[in-house]
Amino acid sequence: DWHEVGCKLDYSPVSWREYFDQMEDVSVGPADSRDVFRIYKAGNDGPLLVLLHGGGHSALSWAVFTTAIASRVTCRVLAMDLRGHANVIGACYGETPPPIVLIGHGVGGAIAVHTASNMLLPTTVGLVAIDVVEGSATEALHSIQNFLKGRPKSFKSMDHAIEWSVKSGQIRNLEAARVSMVGQIKRCEVEVASPVTDVVVESNEEFYDQKYVNDKENAASELYNRPEPVLGVYMWRIDLSKSEKYWDGWFRGTSNLFLACNLPKLLLLAGIDRLDRDLTIGQMQGKFMMQVLPPCGHAVQENKPDKVRKLFTYLVHIVIFIHLYPF
């Protein structure tokens with residue numbers, strides 16, 4: 001229980017092996033190519049769920065969901081780190097991959113919509129977009145830089161990063177944070193710098209801990225006042241602020257593309273206020289399935305994996321039925 005007095009929570013990282021069957025680094029280009037992508041797999045039979053993570057996240061953001069869905073549905077899971085664009089599916093499954101359900105979160109949802117719309121994977125039989133809506137996404141773009149500036153630039157340990165992710169509300173499920181934050185930060189050296197003057201305070205969550213903030217201030221001060229380079233500091237793997245010029249293009253037109261996809265499709269939202277006009281009309285016309293799961297935060301599949309699994313189970317069964325008994 002989060003509120004149990006004297007309860008010491010475990011913020012130590014957890015291995016991907018607890019959730020996936022295997023991990024591979026897949027090369028999708030020539031032998032000397034640097035186009036190498038890390039993937040995680042689970043399951044051996046049934047339709048293939050291709051999981052596309054959101055901006056700044058990694059394939060590990062699907063870990064707890066993978067365990068939840070694999071326990072109820074016969075399926076295969078492929079979660080990949082998207083550090084660019086490549087034919088990862090072809091490299092893994094050849095020219096005739098199994099029936100595919102594309103599932104994307106945030107920016108990954110936009111990628112899934114464009115992939116399905118352009119029929120880049122001919123065996124696609126279903127589409128799921130998680131908390132990505134063109135209208136609300138484009139309206140929120142101006143606040144993303146403020147969000148990025150408002151989070152810590154570094155962490156003294158992996159445990160510290162996991163603790164921050166939970167207490168800030170970025171990931172509200174401790175189990176999910178312990179496995180997925182490993183994919184968001186990396187260990188590196190930090191050169192000597194001037195003392196820190198801006199201290200970031202996480203949002204006022206119900207389990208907010210002022211002592212944690214004070215500890216972070218002290219740690220930051222100690223870190224930047226040491227006379228020699230510091231080893232073992234953890235920093236963000238991806239600098240999302242550098243991709244700002246692409247943000248609008250990621251989401252522009254995705255609502256109509258989603259509606260036009262002739263596939264069984266599900267839109268999963270963290271709040272009803274995220275719907276834009278085109279999707280509201282399309283939903284009223286019965287063009288897609290929709291479910292709202294408030295209040296669970298943007299990382300829906302991490303924060304509420306069991307609820308997401310129940311919805312996906314229904315969709316996957318529809319997909320399997322259509323595939324076996326086409327009209």
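Residues numbered from 1 in each chain as written. Predicted model: local features only at pLDDT ≥ 70, side-chain atom pairs only at ≥ 80, totals over all residues. Heavy atoms only, no water.

What follows concerns helix H5 (residues 158-167). In an α-helix, one turn spans 3.6 residues; hence positions three or four apart end up facing the same way. The buried fraction of H5 is high, at nine of ten residues. Taken as a whole, H5 has its buried residues at Met158, His160, Ala161, Ile162, Glu163, Trp164, Ser165, Val166 and Lys167. Two residues or fewer after H5 comes glycine 169, characterised by a positive phi angle close to 90 degrees. (Buried < 20%, exposed > 50% of the residue type's maximum accessible area, 1.4 Å probe, protein only. Helix = DSSP H or I, 4+ residues; strand = E, 2+ residues; numbered from the N terminus.)

Looking at the secondary structure, you find asparagine 44 in the loop between strand S2 (36-42) and strand S3 (48-52). In this structure the C-alpha to C-alpha distance between asparagine 44 and threonine 74, which are 30 residues apart in sequence, comes to 8.5 Å. Those residues in contact with asparagine 44 that lie beyond four places of it in its chain are Cys75 and Arg76. (Contact = heavy atoms within 4.5 Å.)

With that settled, consider the sheet that holds strand S4 (residues 76-80). The eight strands lie next to each other as S1-S2-S4-S3-S5-S6-S10-S11, forming an open sheet whose pairing is mixed. The open sheet has two edge strands, strand S1 (22-27) and strand S11 (289-292), and neither has a second partner. Pairs of neighbouring strands in the sheet enclose a mean axial angle of 20 degrees, with direction left out of account. As paired elements, S3 and strand S5 (residues 100-105) share five bridges and run parallel to each other. Among the inter-strand pairings, leucine 52 is bridged to a residue of S5, identified as glycine 104. Taken strand by strand, helix H3 (residues 107-117) contacts S3, S5 and strand S6 (124-130), and its axis lies near 145 degrees from that of S5. (Pairing = 2+ DSSP bridges. Axes fitted to C-alpha atoms, helices over the stretch in contact; angles between N-to-C directions.)

Residues Phe20, Leu49, Ile103 and Phe312 are the most contacted members of the largest nonpolar core, which totals 51 residues. Ignoring any residue separated from it by four or fewer positions in sequence, one finds leucine 49 in contact with Ile69, Cys75, Arg76, Val77, Leu78, Val101, Ile103 and Val316. Membership of the second largest hydrophobic core comes to 38 residues, among which are Val107, Trp247, Leu275 and Leu279. (Core = buried A, V, L, I, M, F, W, Y, C linked by side-chain atoms within 4.5 Å.)

This brings us to the confidence of the model for the protein. When pLDDT is averaged along the protein, the result is 81; 81% of the residues meet or exceed 70. Put simply, helix H7 (residues 210-224) is where the protein has its lowest mean pLDDT, 40, and helix H6 (residues 174-180) is where it has its highest, 97. Across residues 1-5 the pLDDT falls below 50, and counting only partners more than four positions away or on other chains, this stretch makes seven contacts in the model. Every residue in residues 194-231 scores below 50 in pLDDT, and together they form 58 contacts with partners more than four places removed in sequence or on other chains. (pLDDT = per-residue confidence, 0-100.)

Before going further, it helps to spend a moment on empty space enclosed by the protein. To find leftover empty space, a probe the size of one water molecule is rolled over the atoms. Here the structure, examined in full by the defined rule, presents two cavities of 30 Å³ or more. Approximately 70 Å³ is the volume found for the largest cavity. Looking at the lining of the largest cavity, the elements with two or more residues in it are H3 and helix H9 (254-260). Here the lining of the largest cavity takes three residues from H9, the largest share from any one element. Tallied by class, residues from the lining of the largest cavity come to eight nonpolar, two polar and one charged. (1 Å grid on protein atoms, 1.4 Å probe; cavity = no way out; pocket = protein on both sides within 12 Å on 5 of 7 lines; lining within 4 Å. Points joined across faces, edges and corners; volume = space filled by probe spheres on them. Nonpolar A, V, L, I, M, F, W, Y, C, P; charged D, E, K, R; others polar.)

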